[in-house]
Amino acid sequence: MPDGTIGSLGERFLRDGFVAGVPVLTPEEAAVFRTELEAAEARFGGSMHYILFPNLVFRSADRLLRHPRLLDAVEAVLGPDILAYECTYIIKEPGNTKRVSWHQDLTYWGLDTDDIVSAWLALSPATEESGCMRMIPGSHRVGQQRHVDLREADNILSRGQTIQNVDETTAVSAALAPGELSLHHGWTMHASHPNRSADRRIGFNTVFMKPSVRQKVQERECAILMRGQDNFQYYNPLPQAQVDFDPEMMALREEIDRRRNATWQTG
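Residues numbered from 1 in each chain as written. Predicted model: local features only at pLDDT ≥ 70, side-chain atom pairs only at ≥ 80, totals over all residues. Heavy atoms only, no water.

S.K.: Go over the side chain of glutamine 104, please, and point to the residues and values.
M.R.: If you trace the backbone, glutamine 104 turns up in the loop between strand E3 (100-103) and strand E4 (116-122). With relative accessibility at 1%, the residue glutamine 104 sits in the buried group. A distance of 2.9 Å separates a polar side-chain atom of glutamine 104 from the backbone oxygen of tryptophan 187. Apart from the residues within four sequence positions on either side, glutamine 104 is in contact with Ser139, Gly143, Gln144, Gln145, His147, Ile163, Gly186, Trp187, Thr188 and Met189. (Helix = DSSP H or I, 4+ residues; strand = E, 2+ residues; numbered from the N terminus. Buried < 20%, exposed > 50% of the residue type's maximum accessible area, 1.4 Å probe, protein only. Polar contact = N/O pair within 3.5 Å; in protein donor to acceptor, adjacent residues only side chain to side chain. Contact = heavy atoms within 4.5 Å.)

S.K.: Explain the pattern of salt bridges residue by residue, including any values.
M.R.: Scanning the model with the defined rule gives 17 salt bridges in all. Here arginine 227 and glutamate 75 are joined by a salt bridge, their closest N and O atoms 2.8 Å apart. In this pair, arginine 227 sits in strand E12 (residues 224-227) while glutamate 75 sits in helix H4 (residues 68-78), placing the two residues 152 residues apart along the sequence. On the accessibility criterion, glutamate 75 (22% relative accessible area) is partly exposed. Residue glutamate 168 pairs with arginine 134 through a salt bridge whose shortest N-O separation is 3.1 Å. (Salt bridge = Lys/Arg side-chain N within 4 Å of Asp/Glu carboxyl O.)

S.K.: With reference to specific residues and values, describe unusual backbone geometry.
M.R.: One non-glycine residue, glutamine 233, adopts positive backbone phi at about 60 degrees. Looking at the element boundaries, glutamine 233 is found in the loop between E12 and helix H5 (247-266). The backbone phi angle of phenylalanine 245 is positive, close to 55 degrees, even though this residue is not glycine.

S.K.: A description of the nonpolar core should follow, citing residues and the corresponding values.
M.R.: The biggest cluster of nonpolar side chains holds 48 residues, and the ones touching the most others in it are Phe58, Val74, Tyr89, Leu181, Leu183 and Phe208. Take this core: its biggest share by element is seven residues, from H4. Core analysis: the second largest hydrophobic core is formed by twelve residues, Trp109, Ile116, Trp187 and Val213 among them. (Core = buried A, V, L, I, M, F, W, Y, C linked by side-chain atoms within 4.5 Å.)

Function-wise, these values are silent; they only describe arrangement.
Put into structure tokens, the structure is as follows:
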């Protein structure tokens, strides 16, 4: 479990395995980041949904990743030494029929401890109608649960990895307004419904961890030191984007994506 908690945010995280509604951006700031994202999508073609480490090729994503209020919230549950293990935009288009089944993130990441936190920052309304995340409070305390690969066509997860027979009567919706953040533990059971709204559900998702967390599946994966010190040096550092969509940085991002997907398939 993460230590070094600060105030009620850290206490709630330790108790429930998640917190939601943490203010990071103003609505106006969130609207600017959304506009920049959608302008980039229009310019370069195609959605940026699940593009791993977009911060390497898109400076708007890099600004989000390094936002001090985001990192303040992460530090409240993780402590002062923070690595970014991954980040991505997660986008559900309006009317999309796909869902996310009940699962625990750490089951497939190949990491040796649970000193991690997933941060989900809303750039558009994340409501029950648009398919916001649903959490099972306290489920992080029961440890890893058995997952079954169902490979269902309507499941966003790559293998349809699913915890079966979850008591959904205990689930809590992590609804977010634009600019609000949710944080959840790697063992917290969570899921989401399809987007039945008329708007895109856009979130910027980052996995942060302590530098002491080690990858068991791949040697020398990549991560970014966000705050504090890395006294372990388990991960290769990554450069910071200087221009948008630089060809060399795009090639680097694609190679990292290929290696990380190999980890997910064997983790």
